[in-house]
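Coordinate analysis (summary)
For reference, the chains in residue letters:
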Amino acid sequence: MPGRNFLFIPGPTNVPQRVRNAMAIEQEDMRAMDFPKLTLPLFEDVKKIFQTRTGRVFIFPSSGTGGWEAAISNTLSPGDKVLMSHFGHFSWLWVDMCQRHALNVQELEVPWGEGVPVEKYAENLKADRNRDIKAVFVCQNETATGVTSDVAAVRRALDAAGHPALLFVDGVSSVASIDFRMDEWGVDVCVSGSQKGFMLPTGLGIVCVSQKALDARKSAKLHRVFFSFDDMIAGNDNGFFPYTPNTIYLRGLRESVNMLLEEGLPNVFARHRRLATAVRKAVEAWGLKLVAADPKWYSDTVSAIYVPEGFDGNEMVRHAYKFYNIALSVSLGKIAGKAFRIGHLGDLNELMILTPIAAAEMAMKDLGIKVKLGSGVGAAQEYLCSTKVQVRG
Ligand SMILES: *Cc1c(COP(=O)(O)O)cnc(C)c1O
């Protein structure tokens, strides 16, 4: 097959050449005396991506789901009441995991297309006079629907109620792409993974933890072994791990964090905003609707786009893969088939983002969806031209 396959799913994302080069290396001794020269500065620099000085970072050889498990098993006890909401595949899966860990989940069901119901959180926290709620959960970016929630507003709700609950954030598809501020927002545990904003293959669960959450582990009774913070701390304090770390991924993470810090986080976030806006301009030009119900929910890392009634968005994704060698992303769960998704996070620039827009137009036309070829591409181009940023010289 000539040419290249294009990947526009919301994780795994494109791995930049610099990172692939950094990973094309020999295996190494994870107990070598100079191994901490890699790990200790890396832990510090990963903290910068979470925008924390006071927190601590753990890097597990797992996916983001392992990070979820690390977060809860180290800080909570069976029967603990936790406040959660779900409005898509991923926010629901974390609820399911908490239930399977015998937590007492107070779950708020929200229509798909909306995000964390901050007012309802505020009411629940105010009403909780006995302080039974031990933790409050936020899925910052629901990848199934392309919805971003307001983490800072949840912190304000906790503060307004004077409530001591821990604040947990799923940042798997937002950290390193959408603004996330661990310290400023008083987040206690934030979970991420390697294969989205960090631009690596799947294989690292990256978890950032506040001092308050670290203290909570002393009384937390859920079982943890592989994901034990204590075991990690005992190794990590000296730059080592309690079991074999994926050293090649750590070398890759070193390079991707270098790239993010060289670009500068504000520029990384602005780039994601701009490329996401270009996609939204295309959707508007097509006359289609986003699953995100209101501009305040729009995600800068993934767009879920409804296809007109009577058409199958997932068939369109399969068609684009089959005929145009591009991976757009299928829709899941409640909206399976009603929409398709374009992942626009990670190592992307202007001309790259025109590709999934062009491909979606061609695939929709082939399937008989009334979309004028070039309409979305043109709208995105207009926007990108009018907001251009110099990249060289
Ligand atoms: C991808 C994703 C996850 C799950 O991560 P895995 O690495 O697949 O385990 C969790 N939450 C969100 C919001 C995600 O996008």
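Quantities reported herein were computed from a predicted structural model and do not represent experimental measurements.

**Points about the environment of Y324**
Among the structural elements, Y324 can be located in helix α11 (residues 313-324). Looking at Y324, the relative accessible area reads 30%, which means it is partly exposed. Ignoring sequence-local partners within four residues, the contact set of Y324 consists of H319, M362, A363 and D366. Here D366 takes part through its side chain, which lies 2.7 Å from a polar atom of the side chain of Y324.

**Things to note about the site of the ligand**
Looking at the ligand, the residues that line it are S63, G64, T65, W68, F90, N141, T143, D170, V172, S173, Q195 and K196. The side chain of S63 places a nitrogen or oxygen atom 2.5 Å from an oxygen atom of the ligand. Of the residues contributing to the shell around the ligand, the split by class is 3 nonpolar, 7 polar and 2 charged.

**Considerations on unusual backbone geometry**
The omega torsion of the bond from G11 to P12 falls at 0 degrees, within 30 degrees of zero and hence cis. Along the polypeptide, P12 turns up in the loop between β1 (6-7) and α1 (17-23). The phi dihedral of A102 is positive, around 65 degrees, even though this residue is not glycine. Residue classification places A102 among the partly exposed residues on the basis of a relative accessible area of 44%.

**Digging into helix α8 (residues 229-236)**
Since one α-helical turn is 3.6 residues long, residues separated by three or four positions face the same way. Here α8 has its buried residues at F229, M232, I233, G235 and N236. For α8, the arc enclosing every buried residue in end-on projection is 170 degrees, short of the 170-degree limit, so these residues lie on one face. Along its buried surface, α8 packs onto α2 (36-49), β2 (56-60), α3 (64-73), β10 (205-209) and α7 (211-216). By the N-cap criterion, in which a side-chain oxygen at the helix start approaches the backbone nitrogen of a residue two or three places on, α8 is capped by S228, the distance to D230 being 3.2 Å.

**Looking at the pairing of β2**
Within β2, 5 of the 5 residues are buried, leaving the element largely enclosed by the surrounding structure. Burial along β2 is two-sided: the face carrying R56, F58 and F60 and the face carrying V57 and I59 are both buried. With 5 bridges joining them, β2 and β10 adopt antiparallel strand pairing. Paired with R56 across the strands is V209, a residue of β10.

Criteria and cut-off values
Residues numbered from 1 in each chain as written. Predicted model: local features only at pLDDT ≥ 70, side-chain atom pairs only at ≥ 80, totals over all residues. Heavy atoms only, no water. Helix = DSSP H or I, 4+ residues; strand = E, 2+ residues; numbered from the N terminus. Buried < 20%, exposed > 50% of the residue type's maximum accessible area, 1.4 Å probe, protein only. Contact = heavy atoms within 4.5 Å. Polar contact = N/O pair within 3.5 Å; in protein donor to acceptor, adjacent residues only side chain to side chain. Near = heavy atom within 4 Å. Nonpolar A, V, L, I, M, F, W, Y, C, P; charged D, E, K, R; others polar. Arc of directions from axis to C-beta. Pairing = 2+ DSSP bridges.

Everything listed here is a matter of geometry and, on its own, says nothing about what the molecule does.
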